[in-house]
Amino acid sequence: MADAPDNMPEQADGSSADTEGRPNQIVVLRDYCTRVRGADCSRCALACPHDAIGFAEDGRPTIDTDACTRCGICLGICDAFSSSRVTMIDVHARIRRIALRGEDVVLTCKENVFPGLEPAANVVVLPCLACLSPEFWTLVLTENIPVRIAADLAYCADCERAGEMGEMLYAHAVETAEEWSGAKVGYLDEIPEKENLVRDLANPEGVDRRSAFTNLVSDVGDIASGKRRLRNSDVLQQFYERKERARARARLNLVDGVQFNDFVPQGRTKHVMWPKRQLLLEAIDRNPDIAARVPVVLSETDRSRCTNSLDCVAACPTGARFPSPENGELSFDARYCIGCGLCVDACPQQAIELVEATAAVFLPDEDENPEPPID
């Protein structure tokens, strides 16, 4: 059985993060950082509104916990960052569960939730809306999930958590996803509040008591029949979420982990599907028509110059490049390629370059996208 990639969260000093019982923290996942492997990437540091991200001598990102406000902007920028409490996959799962209940999903940020405001159950409160990437929004829109944003961006300028950087990156992510998907995100002027039917009945001022009583009777009926339990059962909703994600991965034929291969010195190759790419692939699987609108950067090999040294295989952080298990010839799966350029630097024959393409190359094509070997 393939081993799972080691993505244990790390603190700034490189030690494993013990997240149980601690407040939410931003942690680093080494497997998803290309700078650790020698890439000249500093997007996370450039995006951080408080200069809380630096780099150790080995290239590993470090986080100044005193300066970090846990806005989550780095999560939306790079897969190498995550929250010790909730990930982007978790947020997507929660959104799906809300949609399964037949409710519209409302997203907002902490800056817009004032003291005394108790958001309704269909409201997802994020530290900053910029913590969600274009790939995340694209998947939500292609799933036709009724999602609304309830946030006054006028508060961004004075936000101590993310500031104007959060507003800029959030707007970019949403606009990009709308362009890719061809769908639109909805907006609300106010954050829906949690209903309190008993309070409404006791306080008739400004309340339609007949409607409140009708809603209360309906709610009691749902409780008695078990419908409410069915709607609100986290266990049941998580079960359906796991089934749906498993079906998606089966359709995409994605492989994560270590695969045995006799044509590399260590006898195995490692394939790691990065979270944002997986979200994008799931979106394309649901609506292949959007693929041509999504720009990507991929590595391309000049086969006439390639000597099959497989140096690029050793440099590739995702396993997009691997030797064929049949004959050892270099194979390439574009779906795993993140365009980091490490293979370009590693090739002794200078046979590799980065090229601009569209996500249409991810669509099924046996000649262009051979499958990674499976045990």
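What counts as what
Residues numbered from 1 in each chain as written. Predicted model: local features only at pLDDT ≥ 70, side-chain atom pairs only at ≥ 80, totals over all residues. Heavy atoms only, no water. Helix = DSSP H or I, 4+ residues; strand = E, 2+ residues; numbered from the N terminus. Buried < 20%, exposed > 50% of the residue type's maximum accessible area, 1.4 Å probe, protein only. Contact = heavy atoms within 4.5 Å. Areas by Shrake-Rupley, 256 points an atom, 1.4 Å probe, with all protein chains shown as cover. pLDDT = per-residue confidence, 0-100. Polar contact = N/O pair within 3.5 Å; in protein donor to acceptor, adjacent residues only side chain to side chain. Expected span 1.5 Å × (residues − 1). Axes fitted to C-alpha atoms, helices over the stretch in contact; angles between N-to-C directions. Nonpolar A, V, L, I, M, F, W, Y, C, P; charged D, E, K, R; others polar. Core = buried A, V, L, I, M, F, W, Y, C linked by side-chain atoms within 4.5 Å. Phe/Tyr/Trp six-rings, centres within 6.5 Å; stacked < 30°, edge-to-face > 60°. Disulfide = S-S within 2.5 Å. Salt bridge = Lys/Arg side-chain N within 4 Å of Asp/Glu carboxyl O.

- Taking an unreviewed UniProt entry as the reference, the chain is identified by name as 4Fe-4S dicluster domain-containing protein belonging to Eggerthella lenta.

1. Let's talk about the overall build of the chain
Moving on, step 1. What the chain contains, in helices and strands, is 12 helices and 14 strands.
Moving on, step 2. Evaluated residue by residue, the chain yields a buried proportion of 46% over its 375 residues.
Moving on, step 3. Considering only contacts within the chain whose residues lie at least 6 apart along the sequence, 69% involve residues at least 24 apart.
Moving on, step 4. In the form shown here, the chain has an accessible surface area of approximately 19,700 Å², with 49% of it arising from carbon and sulfur atoms.

2. What to know about the environment of Glu-111
Moving on, step 1. Residue position: Glu-111 is located in the loop between strand 5 (105–109) and strand 6 (123–126).
Moving on, step 2. With a relative accessible area of 27%, Glu-111 lands in the partly exposed category.
Moving on, step 3. Separated by 14 residues in sequence, Glu-111 and Val-125 place their C-alpha atoms 9.4 Å apart.

3. Some words on the confidence of the model for the chain
Moving on, step 1. Considering every residue of the chain, the mean pLDDT works out to 80; 71% of them sit at 70 or more.
Moving on, step 2. Taken element by element, the predicted model of the chain shows its lowest mean pLDDT in helix 6 (residues 197–202) (51) and its highest in strand 14 (residues 352–358) (97).
Moving on, step 3. A low-confidence stretch, residues 1–22 (pLDDT under 50), is modelled with 47 contacts involving residues beyond four sequence positions or located in other chains.

4. Here's the deal with the side chain of Arg-335
Moving on, step 1. Inspection of the secondary structure assignment puts Arg-335 in the loop between strand 13 (330–332) and helix 12 (342–346).
Moving on, step 2. We classify Arg-335 as buried; its relative accessible area is 6%.
Moving on, step 3. Among the polar contacts made by the side chain of Arg-335, one reaches the side chain of Asp-333 at a distance of 2.8 Å.

5. Brief notes about helix 5 (residues 163–181)
Moving on, step 1. The end-to-end C-alpha separation of helix 5 is 28 Å, in line with the 27 Å expected for 19 residues at 1.5 Å each.
Moving on, step 2. What helix 5 keeps buried is the set Gly-163, Gly-166, Leu-169, Tyr-170, Ala-173, Val-174, Thr-176, Ala-177, Glu-178, Trp-180 and Ser-181.
Moving on, step 3. Just downstream of helix 5 lies Gly-182, where phi reads positive at about 80°.

6. A few points about the packing of helix 3 (residues 88–100) against helix 10 (residues 275–286)
Moving on, step 1. Across the interface, helix 3 lies against helix 10 with an axial gap of 10 Å and an inter-helix angle of 35°. Residue-level contacts link Met-88, Ile-89 and Arg-96 of helix 3 to Lys-276, Leu-279, Glu-282 and Arg-286 of helix 10.
Moving on, step 2. Looking at the contact of helix 3 with helix 10 residue by residue, the classes come out as three nonpolar, no polar and four charged.

7. Digging into the nonpolar core
Moving on, step 1. Among the nonpolar cores identified, the biggest contains 72 residues, and Phe-81, Leu-107, Leu-132, Trp-137 and Phe-362 are the most heavily contacted of them.
Moving on, step 2. With six residues, the single largest contributor to this core is helix 5.
Moving on, step 3. Those residues in contact with Leu-132 that sit more than four places away from it in its chain are Gly-76, Met-88, Val-91, Leu-107, Leu-126, Trp-137 and Ala-173.
Moving on, step 4. Core analysis: the next-biggest nonpolar cluster, separate from the first, contains eight residues, Leu-330, Cys-343, Cys-347 and Ile-352 among them.

8. What to know about the packing of aromatic side chains
Note on aromatic pairs: each is described by the distance of the centres and the angle between the planes.
Moving on, step 1. Scanning the entire structure with this criterion turns up three aromatic pairs.
Moving on, step 2. Each ring, one from Tyr-32 and one from Trp-274, has its centre 5.4 Å from the other, and the planes form 70°; the classification is edge-to-face. Taken together, the residues span a long stretch of sequence, with Tyr-32 in the loop between strand 1 (26–28) and helix 1 (43–47) and Trp-274 in the loop between strand 10 (268–271) and helix 10 at a distance of 242 residues.
Moving on, step 3. According to the relative accessible area criterion, Tyr-32 is buried, its value standing at 9%.

9. Some points on the state of the cysteines
Two cysteines form a disulfide when their sulfur atoms are joined by a covalent bond.
Moving on, step 1. According to the stated counting rule, one finds zero disulfides in the structure shown.
Moving on, step 2. Here Cys-33 stays unpaired: no disulfide links it, and the sulfur of Cys-78, its closest cysteine neighbor, is 6.2 Å away.
Moving on, step 3. On the basis of relative accessible area, Cys-33 is assigned to the buried category, the value being 7%.
Moving on, step 4. Cys-71 provides the cysteine sulfur closest to Cys-74, a residue in no disulfide bond, and the two sulfurs are 6.4 Å apart.
Moving on, step 5. When its relative accessible area of 10% is taken as the criterion, Cys-74 is described as buried.

10. Description of the pattern of salt bridges
Moving on, step 1. As enumerated under the stated definition, the model contains 10 salt bridges in all.
Moving on, step 2. One salt bridge in this structure joins Asp-333 and Arg-335, with 2.8 Å as the shortest N-O distance. In this structure, Asp-333 and Arg-335 share a single accessibility class: buried.
Moving on, step 3. Several salt bridges converge on common partners, so that one network encompasses Arg-30, Asp-58 and Arg-60.

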